[in-house]
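Listed below are the residues making up each chain.
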Amino acid sequence: MSSIWRCLQIAPEELRLETTLKCGQSFRWKVSGENECCSTASNIFFRTYPTISSSTSSQPEQTTRQIEKDLDSVYKFLYDYFQLNLNLSECYARWSAADPNFAKVAQQFQGIRILRQDPVENLICFICSSNNNISRISQMVEKLCRKYGKKIYALNNEDYYDFPTLEKLAGSNVEEELKKLGFGYRAKYISQTVHYIFNNISDGEKWLFSLRNASYRDAHSSLLQLSGVGPKVADCVCLMSLDKQDAIPVDTHVWQIAKREYGFDSKPGKSPKTLTNRMYEEIGDHFRTLFGNYSGWAHSVLFAADLKVFESRREDVSVNDSKSEDAGSIPLDKTFSSTKKTLISVKQKNKDLLIEPNNPLYIRNFSTTHPDLKYHYIAHTSCDVIEERVTSGPKTTDAYLGLLYAMEDLAVYGYLTNTRVKFVIVLAVPDTIIKDSDMKSVW
């Protein structure tokens, strides 16, 4: 089947596909060729290609009136999906005038738009995002679509599926099936959320779309009633599918940006170890005040610029190669083959150590590229994950807990002793496959 290309007629500073589609908003766009990405939506297969020409890339000599009508419908869908009604250049100019840091970042990160996604897909995908990274979320969503979605198209021996409906995800065995596919505790969240919607709302899909007309506070509060949805996930859905343009999702990336660039340092004598609800709201309010209208879009530009996948494009990255290691530090490249690692020790309260439950004792950071505080955050999160794993998971005598979760550029593994002392190892190996047998030998 030949492709019919239709140019969106939009300048690169208004839409950069290679950034917008890879910055953690949508997880179903696949690289299908050089500068090409493909996905499906509303039973339509899309193939995008950036071009410097205003003409179409490929067009049949004759098109029927029906094809032209269909193409117009697709164009309207994409116009809405990329929210092309907004003059992004004007917004960038306003945000740059308000914030020197944004002005610096914007030089290399133009054309990042917020996608207006289907709320059902957006909600389920971000439930999968809990303690996860973009690559692994994309893999999980692909498995979900292949298992429960409808096949739409095939290109270069690659099948493309539409996102499953709520009805498809409401089956009695969905939770167990998702666990077998590697969803872990997220399988329960997805199943419970879908069943909650089915049991309490007559038309769940219509209800989710109706939240576009609700206030931000009402929409946000409604989403928080769902299993696996906390403030960050609720804000992601509000921003990326419910037209709440000033919603500010705050995760570890945004928290570090706020501390590094906007003065959200610890108060004298205090060291914040977790992102509290109060701090979450203060960071969001700061960005809303700083950037004004469409502050969620401005925040997303800063978020994208902080992702490891775009590291080569950042101009403000400074690396001090001459910084020597602390005296007595362990040469990890010799201790653990050739892979750089960071170690954290996590302990619970006992008679000898007066440490509150799940309040980790930070031991050592061997990384020169990640701040100490980031690992404090990881340690706290890991305590909660281990606690959930051992209380809700199957009973086991094996103290090695395996992969706890993965982040953008880190993988986190856990170990629990028979005295309930928790240990965590963080590996800076996003593209390396680690065998459980290798990890067990470390412990």
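Residues numbered from 1 in each chain as written. Predicted model: local features only at pLDDT ≥ 70, side-chain atom pairs only at ≥ 80, totals over all residues. Heavy atoms only, no water.

An unreviewed UniProt entry lists the protein under the name N-glycosylase/DNA lyase, with Ambispora leptoticha given as the organism. The record held by UniProt for the protein lists under Subcellular location (unreviewed entry) the comment "Nucleus". (UniProt positions renumbered as here; feature names shortened; annotations may be inferred.)

1. Concerning the pairing of strand β5 (residues 158-161)
Sheet topology note: the strand β4 (residues 151-155)/β5 ladder contains 4 bridges and is antiparallel. Directly across from Y153, in β5, lies its bridge partner Y160. From the end of β4 to the start of β5, which pair antiparallel, there are 2 residues, and N156 there has a positive phi angle of about 50°. (Pairing = 2+ DSSP bridges. Helix = DSSP H or I, 4+ residues; strand = E, 2+ residues; numbered from the N terminus.)

2. Thoughts on the packing of aromatic side chains
A ring pair, where both rings are aromatic, is described by two values, the distance of the centres and the angle of the planes. This structure, assessed with the given rule, holds 14 aromatic pairs. Ring geometry for W29 and Y81: centres 6.3 Å apart, planes at 45°, overall tilted. Of this pair, W29 sits in the loop between α1 (17-20) and β1 (30-33) while Y81 sits in helix α2 (residues 65-81), and the two are 52 residues apart along the sequence. Overall, W29 belongs to the buried group, its relative accessible area being 12%. Looking at Y81, the relative accessible area reads 8%, which means it is buried. Members of the aromatic cluster, connected to one another through ring pairs, are Y92, W95, F102, Y262, F287 and F291. The cationic tip of K30 hangs over the ring face of Y160; the distance from NZ or CZ to the ring centre is 4.6 Å. Here R186 stacks its cationic end above the ring of Y185, 4.7 Å away from the centre of that ring. (Phe/Tyr/Trp six-rings, centres within 6.5 Å; stacked < 30°, edge-to-face > 60°. Buried < 20%, exposed > 50% of the residue type's maximum accessible area, 1.4 Å probe, protein only. Lys NZ or Arg CZ within 6 Å of the ring centre and 35° of its normal.)

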